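Structural overview
Listed below, chain by chain, are the residues.
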Amino acid sequence: MPDERTDAMPAEGRSPGEATPVWIIDDDRSIRWVFEKALAREGIGFRAFASAREALERLADESPEVVVSDIRMPGPTGLEFMQALKTRLPGVPVIVMTAYSDLESAVAAFQGGAFEYLPKPFDVDHAVELVRRALDESRRRFEAPPEGGEAPEILGQAPAMQEVFRAIGRLSQSHATVLITGESGTGKELVARALHRHSPRAGKAFIAINTAAIPKDLLESELFGHERGAFTGAQAMRRGRFEQAEGGTLFLDEIGDMPPDLQTRLLRVLSDGQFYRVGGHTPITASVRVIAATHQDLESRVRQGLFREDLFHRLNVIRLRLPSLRERREDIPVLARHFLARSARELGVDGKRLTDAALQFLATRDFPGNVRQLENLCHWLTVMAPGQAVDVADLPPEIRGEAPGGAPAAGAEGDWRAALEREVAARLARGETGIAEGLTRDFEAALITRALAHTGGRRIEAAGLLGIGRNTLTRKVQELRIDAKD
């Protein structure tokens, strides 16, 4: 039977939806036991595996932040596991252990990309300190990629986003027309650019145009170009977006707002592969892949007679629906860290860090502006938040659910119950156990922390406000590791 365990309490620096921080892989039960006790005492989340094979199987569903692995084990060795891990997750630090303290093992470990080499027997405190250093390194690499490094195209660990990534992969050798749907701010243009970058047309131009942002009288010329003298002010021939995108990709954003007469012209291009410049008489052949996007319900607009049904079917060859941010709440911590790091680089300032409480709070927000709203929030925090560590109180009032004067916004009183229900549902969906214990600790910690903040750290007064005894509050402060002053 696999000997696998996970700690029941929240790990330090851990947010909802993140990977288990530390994996321990050793066929020696006593070594696993030592690490389990030491890491649990330090509040560091872990999983323990009796073989590299079990850990490789778990990699299909979960990712570690740090791995501590023996080298010599039955089945795949620790070095073979590290090689497989580095192929999939090159940034994860690996601490290798071995009872065979020889030069060959050490050299093989470091050549394989090991973070550190831990000979057995080892000092437990030293081992835990190595794990902490590796965790810091892992999170620093994730939050702030090195200058000049290529930033991820699109971030997302949620199942709905993984489906989008798989679709982009399947379409990598296709020229098919794609319709991207989703709310404003979900990243439709990012996906369109990714489709182009991973297509056979990647070497040619990617041209984007927002059909809702250009006046109707100018849109035809913008798309198809015009001949000299075609209309007042047309003093020279101009190539339109279709010609500029020749051989590449034309991204038509907010296609649902395209005027009816231009819908007809677009349909003709998609059907015949040819078009005319405004005022022109010579057909121009178009070899362009069209990717369209909209936040509107095109089927509904077709029924209302606002969008041509035949054009809809021409565009709707492959449809990709982007989930809203509230459908992928587990991605909020990942995205927030990424945007904070990027804002800091762009502004040339030290990066801000969201506390666990702030990350958990943000994961309960609905973000009607989706990823774009979260990105704007992170830019605001980089400029406006007073300290390096950003807590819930440092978030803007509209995010905290307050009116400008600081009073709760309408409906905010019930938000925490809905947020709690969503958190429970998310943990159940992830197959977690011990949910009541973990959430109860979080609830008690929030009550006591806010009460102490309200009273300026005066425990007797805070206990009275909460309706508990001072000794009970003091014990809870110690158990929950709350940073409080008398």
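What counts, and where the lines are drawn
Residues numbered from 1 in each chain as written. Predicted model: local features only at pLDDT ≥ 70, side-chain atom pairs only at ≥ 80, totals over all residues. Heavy atoms only, no water. Patch = residues over 30% accessible without salt bridge, like charges linked within 9 Å, V, L, I, M, F, W, Y side chains within 5 Å. Areas by Shrake-Rupley, 256 points an atom, 1.4 Å probe, with all protein chains shown as cover. Salt bridge = Lys/Arg side-chain N within 4 Å of Asp/Glu carboxyl O. Helix = DSSP H or I, 4+ residues; strand = E, 2+ residues; numbered from the N terminus. Buried < 20%, exposed > 50% of the residue type's maximum accessible area, 1.4 Å probe, protein only. Expected span 1.5 Å × (residues − 1). Core = buried A, V, L, I, M, F, W, Y, C linked by side-chain atoms within 4.5 Å. Contact = heavy atoms within 4.5 Å. Pairing = 2+ DSSP bridges. Axes fitted to C-alpha atoms, helices over the stretch in contact; angles between N-to-C directions. Phe/Tyr/Trp six-rings, centres within 6.5 Å; stacked < 30°, edge-to-face > 60°. Left-handed = near helix turned anticlockwise from the far one by under 90°. Nonpolar A, V, L, I, M, F, W, Y, C, P; charged D, E, K, R; others polar. Parallel < 35°, antiparallel > 145°, perpendicular 65-115°, else oblique.

1. Here we look at a nonpolar patch on the surface
Together, L347, V349, W380, V383 and M384 line one region of the surface with nonpolar side chains, adding up to about 440 Å² of accessible area. Ranked by residue count, the leading element in the nonpolar patch is helix α15 (residues 370-384), at three residues. Here M384 is to be found in helix α15. Judged by its relative accessible area of 49%, M384 is partly exposed.

2. Examining helix α13 (residues 332-347)
With 16 residues, α13 should cover 22 Å at 1.5 Å per step; its first-to-last C-alpha distance of 22 Å lies within 8% of that length. Of the residues making up α13, those classed as buried are I332, P333, V334, L335, A336, R337, H338, F339, L340, A341, S343 and A344. Immediately downstream of α13, the backbone of G348 shows phi near 70 degrees, a positive value.

3. Remarks on the nonpolar core
Nonpolar side chains in soluble globular proteins generally cluster together in the buried interior. In this structure, L223, F242, L250, L252, I255 and F307 are the most contacted members of the largest nonpolar core, which totals 28 residues. Looking at this core, the elements with two or more residues in it are β7 (206-210), α8 (216-224), β8 (249-253), α10 (260-272), β11 (289-294), α11 (298-303) and α12 (309-315). Ranked by the residues each element gives to this core, the list is headed by α10, at four residues. Excluding its chain neighbours within four sequence positions, the residues that come into contact with F307 are I255, G256, Q263, L298, R301, V302, F312 and L315. In terms of nonpolar packing, the next biggest core, distinct from the first, is built from 23 residues, F339, L340, L377 and A385 among them.

4. Re the sheet that holds strand β6 (residues 178-181)
Spatial strand order, β7-β8-β11-β6-β12: five strands in an open sheet with parallel pairing. The open sheet has two edge strands, β7 and β12 (318-321), and neither has a second partner. Across the sheet, the axes of successive neighbouring strands diverge by a mean angle of 20 degrees, strand direction being ignored. Pairing of β6 with β12 involves four bridges; the strand directions are parallel. Counterpart to V178 in the pairing with β12 is I318.

5. Section: the packing of aromatic side chains
Aromatic ring pairs are described here by two measures, namely the spacing of the ring centres and the angle between the planes. Taken as a whole and judged by the stated rule, the model has six aromatic pairs. Aromatic side chains F224 and F242 sit 5.5 Å apart centroid to centroid with 5 degrees between the ring planes, which places their arrangement in the stacked category. Residue F224 is located in helix α8, and its partner F242 is located in helix α9 (residues 241-244); the two are separated by 18 residues in the primary sequence. For F242, a relative accessible area of 1% gives the class buried. Here F224 and F275 contribute two aromatic rings whose centre-to-centre distance is 5.8 Å and whose plane-to-plane angle is 40 degrees, an arrangement assigned as tilted.

6. A word on the packing of helix α18 (residues 435-454) against helix α20 (residues 470-479)
For the pair α18 and α20, interaxial distance at closest approach is 10 Å and the crossing angle is 115 degrees. For α18 against α20, the interelement crossing comes out left-handed. On the side of α18, the interface is formed by R441, E444, I448 and L452, while α20 contributes L473, K476, V477 and E479. Residues that form the contact of α18 with α20 fall into these classes: four nonpolar, no polar and four charged.

7. Comments concerning the packing of helix α19 (residues 459-466) against α20
Put simply, α19 and α20 touch, their axes get as near as 9 Å, and they point 105 degrees apart. For the element pair α19 / α20, the angle class is roughly perpendicular. Together, R459, I460, A462, A463 and L466 of α19 and R470, L473, T474 and V477 of α20 make up the contact between the two elements. Partitioned by chemical class, the residues of the contact of α19 with α20 number six nonpolar, one polar and two charged.

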